[in-house]
Amino acid sequence: MYTFFLAIAIGYQTRLTVEAKAASAYSLRNSILSLKESSSMRLSRFFMPTIKENPSEAQIVSHRLMLRAGMIRQSSAGIYSWLPMGHRVLKKIEQIVREEQDAIGAQEMLMPTIQPADLWRKSGRYDAYGPEMLRITDRHDRDMLFGPTNEEQITEIFSDAAKSYRDLPRMLYHIQWKFRDEVRPRFGVMRGREFLMKDAYSFDADFAGAKRSYNKQFVAYLKTYARMGLTAIPMKANSGPIGGDMSHEFVILAETGESEVACHRDFLENDWLDNIDPEGDLQIIVDSFTDKYAATDDERDPETEATLGDNLVVARGIEVGHIFHFGTKYSKAFNAVVTGPDGTEITAEMGSYGIGVSRLGGGIIEASHDENGIIWPESVAPFKVGLINLKVGDEGCDGACEGLYGQLQNAGIDVLYDDREGRAGVKFAEMDLIGLPWQVVVGPKGVAGGFVEMKNRATGERQEISADAALAQLTA
Ligand code: 5CA
(Lines give C-alpha, C1' and ligand atoms only; values in the text may rest on other atoms or scores of the structure.)
Protein backbone atom coordinates (compact mmCIF):
# COMPACT_ATOMS: atom_id res chain seq x y z
CA MET A 1 0.00 0.00 0.00
CA TYR A 2 2.75 2.36 1.03
CA THR A 3 4.70 1.54 -2.11
CA PHE A 4 1.58 2.13 -4.15
CA PHE A 5 1.12 5.64 -2.71
CA LEU A 6 4.80 6.31 -2.99
CA ALA A 7 4.65 5.34 -6.66
CA ILE A 8 1.68 7.66 -7.24
CA ALA A 9 3.38 10.43 -5.30
CA ILE A 10 6.58 10.06 -7.31
CA GLY A 11 4.62 9.91 -10.56
CA TYR A 12 2.72 13.02 -9.56
CA GLN A 13 5.90 14.73 -8.53
CA THR A 14 7.55 13.82 -11.83
CA ARG A 15 4.60 15.06 -13.79
CA LEU A 16 4.60 18.28 -11.81
CA THR A 17 8.30 18.76 -12.46
CA VAL A 18 7.88 18.10 -16.15
CA GLU A 19 4.95 20.50 -16.33
CA ALA A 20 6.77 23.11 -14.33
CA LYS A 21 9.78 22.78 -16.58
CA ALA A 22 7.63 23.04 -19.65
CA ALA A 23 5.86 26.08 -18.22
CA SER A 24 9.06 27.79 -17.31
CA ALA A 25 10.58 26.96 -20.69
CA TYR A 26 7.46 28.44 -22.26
CA SER A 27 7.67 31.63 -20.28
CA LEU A 28 11.42 31.85 -20.93
CA ARG A 29 10.75 31.46 -24.62
CA ASN A 30 8.08 34.14 -24.45
CA SER A 31 10.27 36.52 -22.61
CA ILE A 32 13.08 35.92 -25.10
CA LEU A 33 10.68 36.56 -27.95
CA SER A 34 9.28 39.67 -26.34
CA LEU A 35 12.81 40.94 -25.78
CA LYS A 36 13.16 41.03 -29.52
CA GLU A 37 10.15 43.28 -29.99
CA SER A 38 12.03 46.37 -28.97
CA SER A 39 15.50 47.00 -27.72
CA SER A 40 14.72 49.35 -24.90
CA MET A 41 17.06 50.14 -22.07
CA ARG A 42 17.14 51.38 -18.50
CA LEU A 43 19.60 54.22 -18.13
CA SER A 44 20.72 52.81 -14.77
CA ARG A 45 22.18 49.89 -16.72
CA PHE A 46 23.08 51.50 -20.03
CA PHE A 47 26.71 52.24 -20.90
CA MET A 48 26.39 55.90 -21.82
CA PRO A 49 29.42 57.85 -20.60
CA THR A 50 28.25 61.42 -21.25
CA ILE A 51 30.54 64.41 -20.80
CA LYS A 52 29.29 67.73 -19.37
CA GLU A 53 32.03 70.03 -20.65
CA ASN A 54 33.00 70.54 -24.26
CA PRO A 55 36.00 68.33 -25.06
CA SER A 56 38.86 70.56 -26.11
CA GLU A 57 40.03 68.30 -28.93
CA ALA A 58 36.77 68.68 -30.88
CA GLN A 59 36.61 71.56 -33.35
CA ILE A 60 33.19 71.01 -34.87
CA VAL A 61 29.78 70.58 -33.33
CA SER A 62 29.14 66.98 -34.44
CA HIS A 63 32.44 65.79 -33.01
CA ARG A 64 31.77 67.60 -29.73
CA LEU A 65 28.27 66.21 -29.44
CA MET A 66 29.24 62.66 -30.39
CA LEU A 67 31.86 62.66 -27.63
CA ARG A 68 29.57 64.38 -25.11
CA ALA A 69 26.62 62.08 -25.83
CA GLY A 70 28.80 59.02 -25.25
CA MET A 71 28.53 57.85 -28.86
CA ILE A 72 32.21 57.47 -29.71
CA ARG A 73 35.66 57.43 -28.16
CA GLN A 74 38.94 57.97 -29.98
CA SER A 75 41.36 55.07 -30.04
CA SER A 76 44.11 56.83 -31.98
CA ALA A 77 44.11 59.66 -34.55
CA GLY A 78 41.15 59.13 -36.88
CA ILE A 79 40.23 55.75 -35.36
CA TYR A 80 37.18 55.44 -33.14
CA SER A 81 35.26 52.99 -31.03
CA TRP A 82 31.51 53.21 -31.38
CA LEU A 83 29.90 52.94 -27.94
CA PRO A 84 26.35 51.54 -27.59
CA MET A 85 24.64 54.88 -28.25
CA GLY A 86 26.73 55.56 -31.36
CA HIS A 87 26.54 51.97 -32.49
CA ARG A 88 22.73 52.06 -32.47
CA VAL A 89 22.80 55.10 -34.78
CA LEU A 90 25.40 53.55 -37.05
CA LYS A 91 23.25 50.42 -37.42
CA LYS A 92 20.17 52.50 -38.26
CA ILE A 93 22.06 54.42 -40.95
CA GLU A 94 23.46 51.18 -42.31
CA GLN A 95 19.98 49.63 -42.47
CA ILE A 96 18.52 52.52 -44.47
CA VAL A 97 21.44 52.29 -46.89
CA ARG A 98 20.94 48.52 -47.14
CA GLU A 99 17.20 48.77 -47.81
CA GLU A 100 17.65 51.28 -50.60
CA GLN A 101 20.43 49.22 -52.19
CA ASP A 102 18.33 46.08 -52.01
CA ALA A 103 15.41 48.00 -53.54
CA ILE A 104 17.38 48.61 -56.77
CA GLY A 105 18.48 45.00 -57.00
CA ALA A 106 21.97 45.36 -55.57
CA GLN A 107 23.03 42.21 -53.73
CA GLU A 108 24.80 42.35 -50.40
CA MET A 109 28.03 40.46 -49.78
CA LEU A 110 31.08 40.99 -47.61
CA MET A 111 34.67 41.33 -48.75
CA PRO A 112 37.68 41.35 -46.43
CA THR A 113 39.34 44.41 -44.99
CA ILE A 114 42.84 43.04 -45.69
CA GLN A 115 43.75 42.53 -49.34
CA PRO A 116 46.85 41.15 -51.07
CA ALA A 117 49.08 43.78 -52.70
CA ASP A 118 49.23 41.72 -55.90
CA LEU A 119 45.60 42.58 -56.63
CA TRP A 120 46.49 46.24 -56.64
CA ARG A 121 49.66 45.70 -58.64
CA LYS A 122 47.43 44.28 -61.36
CA SER A 123 45.42 47.49 -61.66
CA GLY A 124 48.50 49.67 -61.25
CA ARG A 125 47.09 51.33 -58.16
CA TYR A 126 49.52 49.81 -55.64
CA ASP A 127 52.13 52.44 -56.40
CA ALA A 128 49.70 55.11 -57.52
CA TYR A 129 47.79 55.17 -54.22
CA GLY A 130 50.72 56.57 -52.26
CA PRO A 131 51.02 57.05 -48.51
CA GLU A 132 47.26 56.96 -47.91
CA MET A 133 47.42 53.20 -48.26
CA LEU A 134 48.19 51.29 -45.09
CA ARG A 135 50.65 48.61 -46.16
CA ILE A 136 51.13 45.49 -44.08
CA THR A 137 53.50 42.54 -44.31
CA ASP A 138 52.36 39.14 -43.08
CA ARG A 139 54.56 36.50 -41.38
CA HIS A 140 55.50 35.03 -44.76
CA ASP A 141 56.72 38.42 -45.92
CA ARG A 142 53.80 38.81 -48.28
CA ASP A 143 52.69 42.37 -49.04
CA MET A 144 49.17 43.04 -47.88
CA LEU A 145 47.15 46.19 -47.35
CA PHE A 146 44.13 47.42 -45.44
CA GLY A 147 41.63 48.14 -48.21
CA PRO A 148 40.86 51.82 -48.90
CA THR A 149 38.19 50.64 -51.40
CA ASN A 150 37.38 47.41 -53.27
CA GLU A 151 37.32 47.85 -57.06
CA GLU A 152 40.19 45.38 -57.53
CA GLN A 153 38.81 42.75 -55.16
CA ILE A 154 35.30 42.75 -56.61
CA THR A 155 36.49 42.75 -60.23
CA GLU A 156 38.69 39.76 -59.58
CA ILE A 157 35.81 37.86 -57.96
CA PHE A 158 33.46 38.78 -60.77
CA SER A 159 35.85 38.04 -63.64
CA ASP A 160 36.61 34.63 -62.18
CA ALA A 161 32.92 33.71 -62.09
CA ALA A 162 31.30 35.45 -65.05
CA LYS A 163 31.52 33.64 -68.38
CA SER A 164 28.49 34.51 -70.46
CA TYR A 165 26.41 37.59 -71.31
CA ARG A 166 23.77 36.01 -69.06
CA ASP A 167 26.01 36.86 -66.11
CA LEU A 168 25.39 40.54 -66.86
CA PRO A 169 24.11 42.87 -65.52
CA ARG A 170 24.99 42.44 -61.83
CA MET A 171 25.19 44.92 -58.99
CA LEU A 172 26.97 43.92 -55.77
CA TYR A 173 27.68 45.81 -52.58
CA HIS A 174 29.07 45.51 -49.11
CA ILE A 175 29.22 47.63 -45.99
CA GLN A 176 32.71 47.29 -44.64
CA TRP A 177 35.43 49.20 -42.80
CA LYS A 178 38.03 50.97 -44.91
CA PHE A 179 41.36 52.45 -44.01
CA ARG A 180 42.95 55.54 -45.54
CA ASP A 181 45.96 56.98 -43.83
CA GLU A 182 44.68 60.55 -44.24
CA VAL A 183 47.30 63.30 -43.83
CA ARG A 184 44.95 65.23 -41.59
CA PRO A 185 42.34 63.04 -39.93
CA ARG A 186 39.98 65.50 -38.25
CA PHE A 187 36.47 66.37 -37.23
CA GLY A 188 35.91 63.03 -35.52
CA VAL A 189 34.24 60.43 -37.72
CA MET A 190 33.87 62.94 -40.58
CA ARG A 191 37.41 62.47 -41.79
CA GLY A 192 38.60 59.34 -40.11
CA ARG A 193 41.41 57.01 -41.04
CA GLU A 194 39.25 53.95 -40.37
CA PHE A 195 35.68 54.50 -41.57
CA LEU A 196 32.62 52.52 -42.58
CA MET A 197 31.62 52.70 -46.22
CA LYS A 198 28.92 51.19 -48.35
CA ASP A 199 30.52 50.46 -51.67
CA ALA A 200 28.57 49.04 -54.58
CA TYR A 201 29.87 47.90 -57.94
CA SER A 202 27.97 47.44 -61.18
CA PHE A 203 28.82 45.22 -64.15
CA ASP A 204 26.98 45.81 -67.43
CA ALA A 205 27.23 44.66 -71.03
CA ASP A 206 27.42 48.12 -72.58
CA PHE A 207 27.40 51.82 -71.87
CA ALA A 208 23.59 52.06 -71.98
CA GLY A 209 23.39 49.37 -69.29
CA ALA A 210 26.07 51.06 -67.21
CA LYS A 211 24.18 54.35 -67.46
CA ARG A 212 21.04 52.58 -66.23
CA SER A 213 22.93 51.22 -63.23
CA TYR A 214 24.39 54.65 -62.56
CA ASN A 215 20.93 56.21 -62.70
CA LYS A 216 19.50 53.59 -60.36
CA GLN A 217 22.17 54.36 -57.81
CA PHE A 218 21.69 58.11 -58.35
CA VAL A 219 18.00 57.90 -57.44
CA ALA A 220 18.61 55.38 -54.63
CA TYR A 221 21.04 57.89 -53.12
CA LEU A 222 18.47 60.70 -53.19
CA LYS A 223 16.03 58.45 -51.34
CA THR A 224 18.63 57.17 -48.89
CA TYR A 225 19.61 60.64 -47.70
CA ALA A 226 16.04 61.91 -47.68
CA ARG A 227 15.09 59.06 -45.33
CA MET A 228 17.77 60.35 -42.96
CA GLY A 229 16.27 63.83 -43.04
CA LEU A 230 19.07 65.17 -45.23
CA THR A 231 19.04 67.30 -48.36
CA ALA A 232 21.97 65.85 -50.26
CA ILE A 233 22.64 67.69 -53.50
CA PRO A 234 24.07 65.70 -56.41
CA MET A 235 27.02 67.69 -57.75
CA LYS A 236 29.18 67.19 -60.77
CA ALA A 237 32.49 65.93 -59.45
CA ASN A 238 35.99 64.89 -60.32
CA SER A 239 36.61 61.13 -60.24
CA GLY A 240 40.07 61.44 -58.66
CA PRO A 241 42.05 58.24 -58.06
CA ILE A 242 39.04 56.01 -58.83
CA GLY A 243 39.17 57.16 -62.45
CA GLY A 244 36.34 57.47 -64.97
CA ASP A 245 34.37 59.97 -66.96
CA MET A 246 31.08 60.44 -65.15
CA SER A 247 30.88 61.18 -61.48
CA HIS A 248 28.65 62.88 -58.92
CA GLU A 249 29.21 63.71 -55.31
CA PHE A 250 26.25 63.90 -52.95
CA VAL A 251 26.81 66.88 -50.72
CA ILE A 252 25.01 68.26 -47.69
CA LEU A 253 25.53 71.94 -47.00
CA ALA A 254 26.94 72.84 -43.60
CA GLU A 255 29.19 75.60 -42.30
CA THR A 256 31.69 73.01 -41.19
CA GLY A 257 31.92 71.37 -44.62
CA GLU A 258 35.45 70.67 -45.77
CA SER A 259 35.17 72.14 -49.23
CA GLU A 260 33.47 75.00 -51.02
CA VAL A 261 30.71 74.01 -53.42
CA ALA A 262 28.27 75.91 -55.61
CA CYS A 263 24.74 75.18 -56.75
CA HIS A 264 21.51 76.63 -58.07
CA ARG A 265 19.23 78.00 -55.35
CA ASP A 266 16.43 75.67 -56.50
CA PHE A 267 18.18 72.80 -54.75
CA LEU A 268 17.62 74.53 -51.42
CA GLU A 269 14.22 76.03 -51.97
CA ASN A 270 12.23 73.40 -53.79
CA ASP A 271 11.05 70.24 -52.24
CA TRP A 272 12.43 68.44 -55.23
CA LEU A 273 12.28 64.99 -53.76
CA ASP A 274 8.49 65.10 -53.82
CA ASN A 275 8.75 65.29 -57.57
CA ILE A 276 10.38 61.92 -58.01
CA ASP A 277 8.02 59.47 -59.61
CA PRO A 278 9.32 56.06 -58.56
CA GLU A 279 7.74 54.52 -61.66
CA GLY A 280 9.01 57.24 -63.94
CA ASP A 281 11.79 57.13 -66.49
CA LEU A 282 15.07 57.08 -64.61
CA GLN A 283 16.93 59.16 -67.14
CA ILE A 284 14.31 61.92 -66.97
CA ILE A 285 14.55 61.98 -63.17
CA VAL A 286 18.34 62.10 -63.21
CA ASP A 287 18.33 64.79 -65.92
CA SER A 288 15.98 66.92 -63.86
CA PHE A 289 18.73 67.09 -61.24
CA THR A 290 21.80 67.20 -63.41
CA ASP A 291 20.35 69.90 -65.70
CA LYS A 292 20.63 72.34 -62.81
CA TYR A 293 24.01 73.74 -61.91
CA ALA A 294 25.71 72.09 -58.94
CA ALA A 295 29.46 71.56 -58.77
CA THR A 296 32.14 70.63 -56.29
CA ASP A 297 35.24 72.72 -55.79
CA ASP A 298 37.31 71.50 -58.73
CA GLU A 299 34.41 71.28 -61.19
CA ARG A 300 33.10 74.83 -60.71
CA ASP A 301 32.52 76.83 -63.85
CA PRO A 302 32.85 80.64 -63.48
CA GLU A 303 31.04 81.27 -66.77
CA THR A 304 27.91 79.39 -65.75
CA GLU A 305 28.05 80.88 -62.29
CA ALA A 306 28.11 84.37 -63.77
CA THR A 307 24.80 83.69 -65.51
CA LEU A 308 23.05 82.55 -62.34
CA GLY A 309 22.98 85.89 -60.52
CA ASP A 310 20.96 85.65 -57.30
CA ASN A 311 20.28 82.01 -57.97
CA LEU A 312 23.88 81.07 -57.25
CA VAL A 313 24.55 79.61 -53.81
CA VAL A 314 28.15 79.20 -52.74
CA ALA A 315 28.50 77.31 -49.50
CA ARG A 316 30.54 74.73 -47.68
CA GLY A 317 29.65 71.11 -48.16
CA ILE A 318 30.11 67.65 -46.65
CA GLU A 319 30.49 64.83 -49.15
CA VAL A 320 28.31 61.97 -47.96
CA GLY A 321 28.47 59.88 -51.12
CA HIS A 322 30.23 59.61 -54.44
CA ILE A 323 29.27 57.66 -57.54
CA PHE A 324 31.47 56.88 -60.52
CA HIS A 325 31.20 55.39 -63.97
CA PHE A 326 34.60 54.27 -65.16
CA GLY A 327 33.87 51.95 -68.07
CA THR A 328 36.39 49.18 -68.55
CA LYS A 329 39.31 50.49 -66.49
CA TYR A 330 39.24 47.58 -64.00
CA SER A 331 37.50 44.98 -66.16
CA LYS A 332 40.33 45.22 -68.70
CA ALA A 333 42.99 44.88 -66.01
CA PHE A 334 41.26 41.84 -64.50
CA ASN A 335 39.97 40.40 -67.74
CA ALA A 336 36.31 40.66 -66.72
CA VAL A 337 35.21 39.48 -70.15
CA VAL A 338 32.16 37.39 -71.06
CA THR A 339 31.00 35.78 -74.27
CA GLY A 340 28.13 37.56 -76.02
CA PRO A 341 25.13 35.87 -77.71
CA ASP A 342 26.97 35.92 -81.03
CA GLY A 343 30.22 34.61 -79.60
CA THR A 344 31.99 37.97 -79.48
CA GLU A 345 33.73 39.08 -76.31
CA ILE A 346 32.13 41.66 -74.06
CA THR A 347 34.27 43.55 -71.55
CA ALA A 348 32.12 44.53 -68.59
CA GLU A 349 31.27 48.22 -68.20
CA MET A 350 31.65 49.15 -64.56
CA GLY A 351 30.74 51.77 -62.03
CA SER A 352 31.27 52.13 -58.29
CA TYR A 353 29.11 53.83 -55.74
CA GLY A 354 30.21 54.85 -52.24
CA ILE A 355 28.34 56.14 -49.20
CA GLY A 356 30.17 57.34 -46.10
CA VAL A 357 28.14 55.42 -43.51
CA SER A 358 30.18 56.43 -40.46
CA ARG A 359 30.65 59.97 -41.80
CA LEU A 360 26.85 60.26 -41.95
CA GLY A 361 26.75 59.76 -38.16
CA GLY A 362 28.49 63.12 -37.85
CA GLY A 363 26.90 64.66 -40.95
CA ILE A 364 23.36 64.19 -39.67
CA ILE A 365 24.30 65.92 -36.42
CA GLU A 366 25.87 68.83 -38.34
CA ALA A 367 22.54 69.23 -40.11
CA SER A 368 20.35 68.67 -37.05
CA HIS A 369 21.26 70.07 -33.64
CA ASP A 370 20.71 73.12 -31.43
CA GLU A 371 22.56 74.73 -28.52
CA ASN A 372 21.37 71.96 -26.18
CA GLY A 373 22.47 68.99 -28.20
CA ILE A 374 21.60 66.57 -30.97
CA ILE A 375 18.17 66.43 -32.62
CA TRP A 376 17.89 62.96 -34.18
CA PRO A 377 15.53 62.44 -37.08
CA GLU A 378 13.31 59.56 -36.03
CA SER A 379 14.65 57.24 -38.75
CA VAL A 380 18.16 57.12 -37.29
CA ALA A 381 17.49 57.90 -33.62
CA PRO A 382 19.15 55.49 -31.16
CA PHE A 383 15.83 55.31 -29.26
CA LYS A 384 12.53 56.87 -30.22
CA VAL A 385 11.52 57.90 -26.71
CA GLY A 386 13.29 59.04 -23.57
CA LEU A 387 11.19 58.32 -20.49
CA ILE A 388 12.16 60.44 -17.48
CA ASN A 389 11.20 59.47 -13.95
CA LEU A 390 11.47 62.68 -11.91
CA LYS A 391 11.14 60.96 -8.54
CA VAL A 392 12.64 57.52 -8.47
CA GLY A 393 11.50 55.70 -5.30
CA ASP A 394 8.12 57.39 -5.28
CA GLU A 395 5.53 54.66 -5.63
CA GLY A 396 3.29 56.62 -7.99
CA CYS A 397 6.11 57.75 -10.29
CA ASP A 398 7.77 54.34 -10.36
CA GLY A 399 4.46 52.61 -11.09
CA ALA A 400 3.49 55.01 -13.87
CA CYS A 401 6.94 54.76 -15.47
CA GLU A 402 7.14 50.99 -15.26
CA GLY A 403 3.66 50.78 -16.80
CA LEU A 404 4.51 53.06 -19.70
CA TYR A 405 7.92 51.46 -20.19
CA GLY A 406 6.30 48.03 -20.52
CA GLN A 407 3.51 49.24 -22.80
CA LEU A 408 5.86 51.10 -25.13
CA GLN A 409 8.12 48.07 -25.35
CA ASN A 410 5.17 45.83 -26.11
CA ALA A 411 4.25 48.20 -28.91
CA GLY A 412 7.75 47.66 -30.36
CA ILE A 413 9.02 51.14 -29.52
CA ASP A 414 12.60 51.67 -28.41
CA VAL A 415 12.63 53.53 -25.10
CA LEU A 416 15.48 54.77 -23.01
CA TYR A 417 14.12 54.90 -19.46
CA ASP A 418 15.92 57.28 -17.10
CA ASP A 419 15.29 55.36 -13.89
CA ARG A 420 18.28 56.85 -12.08
CA GLU A 421 18.05 58.94 -8.97
CA GLY A 422 19.13 62.47 -9.71
CA ARG A 423 18.19 66.09 -10.17
CA ALA A 424 15.52 66.93 -12.72
CA GLY A 425 17.69 69.60 -14.37
CA VAL A 426 20.51 67.16 -14.97
CA LYS A 427 18.12 64.60 -16.43
CA PHE A 428 16.52 67.14 -18.78
CA ALA A 429 19.90 68.44 -19.96
CA GLU A 430 21.18 64.96 -20.66
CA MET A 431 18.02 63.96 -22.51
CA ASP A 432 18.29 67.10 -24.69
CA LEU A 433 21.98 66.37 -25.30
CA ILE A 434 21.38 62.84 -26.61
CA GLY A 435 18.56 64.17 -28.78
CA LEU A 436 15.90 61.43 -28.78
CA PRO A 437 12.86 62.58 -30.82
CA TRP A 438 10.38 62.34 -27.90
CA GLN A 439 10.65 62.87 -24.16
CA VAL A 440 8.00 61.69 -21.73
CA VAL A 441 8.35 63.15 -18.26
CA VAL A 442 6.65 61.56 -15.26
CA GLY A 443 6.62 63.49 -11.96
CA PRO A 444 4.58 63.51 -8.73
CA LYS A 445 2.41 66.41 -9.93
CA GLY A 446 1.50 64.60 -13.10
CA VAL A 447 0.85 61.34 -11.29
CA ALA A 448 -1.55 63.15 -8.93
CA GLY A 449 -3.25 64.96 -11.83
CA GLY A 450 -3.30 61.97 -14.19
CA PHE A 451 -0.95 63.34 -16.83
CA VAL A 452 2.56 63.08 -18.20
CA GLU A 453 4.50 65.77 -20.03
CA MET A 454 5.45 64.92 -23.57
CA LYS A 455 8.06 67.00 -25.38
CA ASN A 456 9.02 67.02 -29.02
CA ARG A 457 12.80 67.48 -29.11
CA ALA A 458 12.86 69.10 -32.55
CA THR A 459 10.16 71.73 -32.01
CA GLY A 460 10.42 72.03 -28.23
CA GLU A 461 6.63 71.75 -28.08
CA ARG A 462 5.28 70.34 -24.79
CA GLN A 463 1.92 68.78 -24.01
CA GLU A 464 0.39 67.65 -20.75
CA ILE A 465 -1.61 64.56 -21.65
CA SER A 466 -2.70 61.28 -20.10
CA ALA A 467 -0.27 58.37 -20.25
CA ASP A 468 -2.74 56.60 -22.55
CA ALA A 469 -2.83 59.55 -24.94
CA ALA A 470 0.99 59.68 -24.94
CA LEU A 471 1.11 55.99 -25.70
CA ALA A 472 -1.42 56.42 -28.50
CA GLN A 473 0.57 59.28 -30.06
CA LEU A 474 3.87 57.47 -29.84
CA THR A 475 2.51 54.28 -31.33
CA ALA A 476 0.40 55.96 -34.03
N1 5CA B 1 35.36 53.30 -54.57
C2 5CA B 1 34.65 54.54 -54.55
C3 5CA B 1 33.19 54.36 -54.46
S4 5CA B 1 32.71 52.84 -53.91
C5 5CA B 1 35.17 55.38 -53.40
O6 5CA B 1 35.99 54.96 -52.64
N7 5CA B 1 34.64 56.59 -53.30
S8 5CA B 1 35.08 57.72 -52.28
O9 5CA B 1 36.48 57.78 -52.13
O10 5CA B 1 34.47 58.94 -52.71
O11 5CA B 1 34.48 57.33 -50.88
C12 5CA B 1 33.08 57.14 -50.74
C13 5CA B 1 32.54 57.91 -49.56
O14 5CA B 1 33.21 57.50 -48.37
C15 5CA B 1 32.78 59.40 -49.62
O16 5CA B 1 31.77 60.04 -50.38
C17 5CA B 1 32.73 59.80 -48.18
O18 5CA B 1 31.38 60.01 -47.77
C19 5CA B 1 33.27 58.57 -47.46
N20 5CA B 1 34.66 58.80 -47.04
C21 5CA B 1 35.75 58.91 -47.83
N22 5CA B 1 36.86 59.13 -47.09
C23 5CA B 1 36.45 59.19 -45.80
C24 5CA B 1 37.12 59.39 -44.55
N25 5CA B 1 38.43 59.58 -44.50
N26 5CA B 1 36.39 59.38 -43.40
C27 5CA B 1 35.06 59.18 -43.45
N28 5CA B 1 34.38 58.97 -44.59
C29 5CA B 1 35.05 58.97 -45.76
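Shown above is the structure to which this text applies.
Residues numbered from 1 in each chain as written. Predicted model: local features only at pLDDT ≥ 70, side-chain atom pairs only at ≥ 80, totals over all residues. Heavy atoms only, no water.

### Description of the sheet that holds strand 1 (residues 41-42)
Then, in step 1: If you trace the six strands from one edge of the open sheet to the other, you get 1-21-20-22-23-24, paired in mixed fashion. Strands at the two margins of the open sheet, each flanked by one partner only, are strand 1 and strand 24 (462-465).
Then, in step 2: Where strand 22 (residues 438-442) lies against strand 23 (residues 452-456), four bridges are found, and the strand directions are antiparallel. Bridge assignment links Gln 439 to a residue of strand 23, and that residue is Lys 455.
Then, in step 3: The sheet strands contacting helix 13 (residues 395-410) are strand 1, strand 20 (385-389), strand 21 (415-418), strand 22 and strand 23, and the helix crosses strand 20 at an angle near 165°.
Then, in step 4: With respect to the sheet, helix 14 (residues 424-434) is in contact with strand 20, strand 21, strand 22 and strand 23, its orientation differing from that of strand 20 by roughly 175°. (Pairing = 2+ DSSP bridges. Helix = DSSP H or I, 4+ residues; strand = E, 2+ residues; numbered from the N terminus. Contact = heavy atoms within 4.5 Å. Axes fitted to C-alpha atoms, helices over the stretch in contact; angles between N-to-C directions.)

### Observations regarding the sheet that holds strand 5 (residues 114-116)
Then, in step 1: Pairing is antiparallel in the open sheet, where three strands are placed in the order 5-7-6. Each end of this open sheet is capped by a strand with a single partner; those strands are strand 5 and strand 6 (134-137). Pairs of neighbouring strands in the sheet enclose a mean axial angle of 35°, with direction left out of account.
Then, in step 2: Relative to strand 7 (residues 143-146), strand 6 runs antiparallel, the two being bridged by four bridges. Note that in strand 7 the partner of Ile 136 across the bridge is Met 144.

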